[in-house]
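A look at the structure
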2 protein chains.
Amino acid sequence: MARRGLLLILSSPSGAGKSTLSKRLMAWDPTIRFSVSATTRPPRPGEVDGRDYYFLSREAFANHVQRGEMLEYAEVFGNGYGSPKAPVIEALEAGRDVLFDVDWQGAQQIRNSSLGRDVLSIFILPPSIEELERRLRFRGQDSDEVIRDRMRKSRDEISHWAEYDYVLVNEDLQETEEKLKRIVSATRLRRETQPTLVDHVRELNKEFDAR
Amino acid sequence: MARRGLLLILSSPSGAGKSTLSKRLMAWDPTIRFSVSATTRPPRPGEVDGRDYYFLSREAFANHVQRGEMLEYAEVFGNGYGSPKAPVIEALEAGRDVLFDVDWQGAQQIRNSSLGRDVLSIFILPPSIEELERRLRFRGQDSDEVIRDRMRKSRDEISHWAEYDYVLVNEDLQETEEKLKRIVSATRLRRETQPTLVDHVRELNKEFDAR
């Protein structure tokens, strides 16, 4: 049965495993389209334009926002972040799910957007703050000050956990990944995402009429 | 993590496979408690009191209803049917899910009851009406007139499909069973059914405070 694509929102404080889980979800089902964010911040080492982010000038970013071409956007640490609308619409129209790696502000905007009809939102919590900081430091790419900022942002992010449909404590990555897949594949079966059901019931009623 | 028990509602026109699916769901997870209905109709051959139904006199049934001891009840084909409340409360308090094999009237009442906080409702549709009637006749226990009545009731039942969280067209029993299990196991992960999440977040915040 044909179904409508879902807006899959994955949020978590940085270091809780969100990026790894996103990648694994897309490896599991390559039809899922990842929503590449646009940002005004400079690329980090190894980041590729168009794959990790669309790197835009402040002016280009502001223009996109002004023309209503961003599904959601926000300012974080002095940089603009946003999700371009066009690729999302294109994927949904093809019946594909779109995965968003966004913070609570993005999640709120997507839920309340014109496209926010079939949203599945999942929040990933770390097992502990000690572990969260350990993972951040392990990346080894940020200064102490940046890490302090991130930890502050993490606390703010975590405070929004109750706005999500599902909240998973990422104790064991394998297990969290398994749960995530289970949630996505069950949610795809929800009535609202199955527009052809109404056709099926119409056929059943025709059969009743013909008896 | 401890979780709250779910009220699992399975509805379908008779002959769509609901009973078989209920049995398979409970074989898959024996912690699921089946809500045995009470009824005033006489037992059919092979039906066991307390297992298939609680067979009650009209008077006893009316007394239970009057004392508010039924979670839901309705009159169908001149007989009373209802779900006794006590075993449901007992199971939910033990963190167990309770499975209800009820019609749309029962489903509506359970959703709107004092216990209807964590409801997962699933509707099973037949692939066709022809197939539905074939399955009814195959049982071989009902007269033509009873079958006509059941088919009329089926049409009424099917008209309520859109009130359910999930609607599955039971084309292939194996496949429908698999989907059902996937839906139940994912729904068990929903935020609202995980009361210990709030404790986990409290612990995380304590850790932030202590830094």
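Residues numbered from 1 in each chain as written. Chains lettered and ligands numbered in written order. Predicted model: local features only at pLDDT ≥ 70, side-chain atom pairs only at ≥ 80, totals over all residues. Heavy atoms only, no water.

1. Concerning the overall build of chain A
Counting its regular elements, chain A contains eight helices and nine strands. In terms of overall dimensions, chain A has a C-alpha envelope of 75 × 40 × 30 Å along the principal axes. For chain A, with 211 residues in total, the buried portion stands at 48%. Long-range pairs, those at least 24 residues apart, make up 69% of the contacts in chain A with a sequence separation of at least 6. (Helix = DSSP H or I, 4+ residues; strand = E, 2+ residues; numbered from the N terminus. Buried < 20%, exposed > 50% of the residue type's maximum accessible area, 1.4 Å probe, protein only. Contact = heavy atoms within 4.5 Å.)

2. Details of the interface of chain B and chain A
Taken together, the contact between chain B and chain A spans 39 residues of the former and 39 residues of the latter. Carbon and sulfur atoms make up 63% of the surface buried where chain B meets chain A, a total of about 3900 Å² over both sides. Counting across the chain B and chain A interface gives six salt bridges. Glu133 of chain A is the partner of Arg211 of chain B in a salt bridge, and the nearest nitrogen-oxygen pair spans 2.7 Å. Summed over the shared surface of chain B and chain A, the result is 18 residue pairs in polar contact (both at pLDDT 80 or more). Elements supplying a minimum of two residues to the side of chain B that touches chain A: helix 5 (129–139), helix 6 (144–158), strand 9 (166–169), helix 7 (173–187) and helix 8 (197–210) of chain B. In terms of residue class, the side of chain B that touches chain A is made up of 21 nonpolar, six polar and twelve charged. (Buried area = accessible area lost by both parts, 1.4 Å probe. Salt bridge = Lys/Arg side-chain N within 4 Å of Asp/Glu carboxyl O. Polar contact = N/O pair within 3.5 Å; in protein donor to acceptor, adjacent residues only side chain to side chain. Nonpolar A, V, L, I, M, F, W, Y, C, P; charged D, E, K, R; others polar.)

3. Quick notes on the pattern of salt bridges
Residue and element names in this part refer to chain A. On inspection of all chains with the given rule, the structure shows 54 salt bridges over all chains. The partner of Arg188 in a salt bridge is Asp97, and the shortest N-O contact between them spans 2.8 Å. With Arg188 in the loop between helix 7 (173–187) and helix 8 (197–210) and Asp97 in the loop between helix 3 (85–93) and strand 7 (98–101), this pair connects stretches of sequence that are 91 residues apart. As far as the burial class goes, Arg188 and Asp97 line up, both buried.

4. Observations regarding unusual backbone geometry
All names here are of chain A. Notably, Phe77 is not glycine yet its phi reads approximately 50°, a positive angle. Within the secondary structure layout, Phe77 lies in the loop between strand 5 (70–76) and strand 6 (79–84). Given the relative accessible area of 47%, Phe77 is considered partly exposed.

5. What about the relation of the copies chain B and chain A?
Once turned by 180° and shifted 0.0 Å along the axis, chain B lies on chain A with an RMSD of 0.0 Å. Taken together, the rotation and translation relating the two chain copies correspond to the operation of a two-fold axis. The overlap is high: 100% of the interface residues of chain B also sit at the interface in chain A, so the same surface is used on both sides. (Least-squares fit on C-alpha atoms with pLDDT ≥ 70 in both.)

6. Quick notes on the packing of aromatic side chains
Enumeration over the complete set of coordinates arrives at six aromatic pairs over all chains. Relative to Tyr81 of chain B, the ring of Tyr53 of chain B has its centre 6.1 Å away and its plane inclined at 65°; by these criteria the two rings are edge-to-face. Residue Tyr53 of chain B is found in strand 4 (residues 53–55), and its partner Tyr81 of chain B is found in strand 6 (residues 79–84); the two are separated by 28 residues along the sequence. Ring pairs connect the aromatic residues Tyr53, Phe55 and Tyr81 of chain A, which therefore count as one cluster. When the ring centre of Tyr164 of chain B is taken as origin, the NZ or CZ atom of Arg111 of chain B, which lies over that ring, is 4.8 Å away. (Phe/Tyr/Trp six-rings, centres within 6.5 Å; stacked < 30°, edge-to-face > 60°. Lys NZ or Arg CZ within 6 Å of the ring centre and 35° of its normal.)

7. A few points about the packing of helix 1 (residues 18–28) of chain B against helix 7 of chain B
Residues and elements named next belong to chain B. Orientation of helix 1 relative to helix 7, taken along the N-to-C sense of each, is 55°, at an axis distance of 10 Å. If you check the angle between helix 1 and helix 7, you find them oblique. Handedness of the helix 1/helix 7 crossing: right-handed. Counted together, Thr20, Leu21, Arg24, Leu25 and Trp28 of helix 1 and Leu173, Gln174, Thr176, Glu177, Leu180, Lys181, Val184 and Ser185 of helix 7 form the full contact between these two elements. Class assignment of the residues belonging to the contact of helix 1 with helix 7 gives a composition of six nonpolar, four polar and three charged. (Axes fitted to C-alpha atoms, helices over the stretch in contact; angles between N-to-C directions. Parallel < 35°, antiparallel > 145°, perpendicular 65-115°, else oblique. Left-handed = near helix turned anticlockwise from the far one by under 90°.)

8. Observations concerning the side chain of Thr176 of chain A
Residue and element names in this part refer to chain A. As for its placement among the helices and strands, Thr176 is situated in helix 7. Under the relative-accessibility criterion, Thr176 is labelled buried at 3%. What Thr176 contacts, discounting residues up to four positions off in sequence, is Leu21, Ile124, Leu168, Val169, Asn170 and Glu171.

9. With respect to the UniProt feature "binding site: ATP" (unreviewed entry) in chain A
Residues and elements named next belong to chain A. When the UniProt feature table is mapped onto this chain numbering, "binding site: ATP" (unreviewed entry) sits at Ser12, Pro13, Ser14, Gly15, Ala16, Gly17, Lys18 and Ser19. The residue Ser14 is located in the loop between strand 1 (7–11) and helix 1 (18–28) in this model. Once residues within four sequence positions are removed from consideration, Ser14 is found in contact with Leu132, Leu136, Arg139, Arg150 and Ser154. Along the chain, Lys18 falls in helix 1. Lys18 sits in the buried class, given a relative accessible area of 14%. Lys18 has contacts with Leu10, Ser11, Ser12, Asp101 and Val102, leaving out every residue within four places of it along the chain. (UniProt positions renumbered as here; feature names shortened; annotations may be inferred.)

10. Some points on the UniProt feature "domain: Guanylate kinase-like" (unreviewed entry) in chain A
Cross-referencing UniProt, the feature "domain: Guanylate kinase-like" (unreviewed entry) maps to residues 5–185 of chain A in the present numbering. The annotated region residues 5–185 of chain A carries 42% helix and 23% strand content, and the separation between its end C-alpha atoms amounts to 12 Å.

11. Remarks on the pairing of strand 1 of chain A
All names here are of chain A. The buried count for strand 1 comes to five of five residues, which makes it a mostly enclosed element. Burial along strand 1 is two-sided: the face carrying Leu7, Ile9 and Ser11 and the face carrying Leu8 and Leu10 are both buried. Alignment of strand 1 against strand 8 (residues 119–125), held across five bridges, turns out to be parallel. The partner of Ile9 across the bridge, within strand 8, is Ser121. As defined by bridge partners, strand 1 adjoins strand 7 across four bridges and the pair is classed as parallel. Residue pairing for strand 7: Leu7 is matched across the bridge by Val98. (Pairing = 2+ DSSP bridges.)

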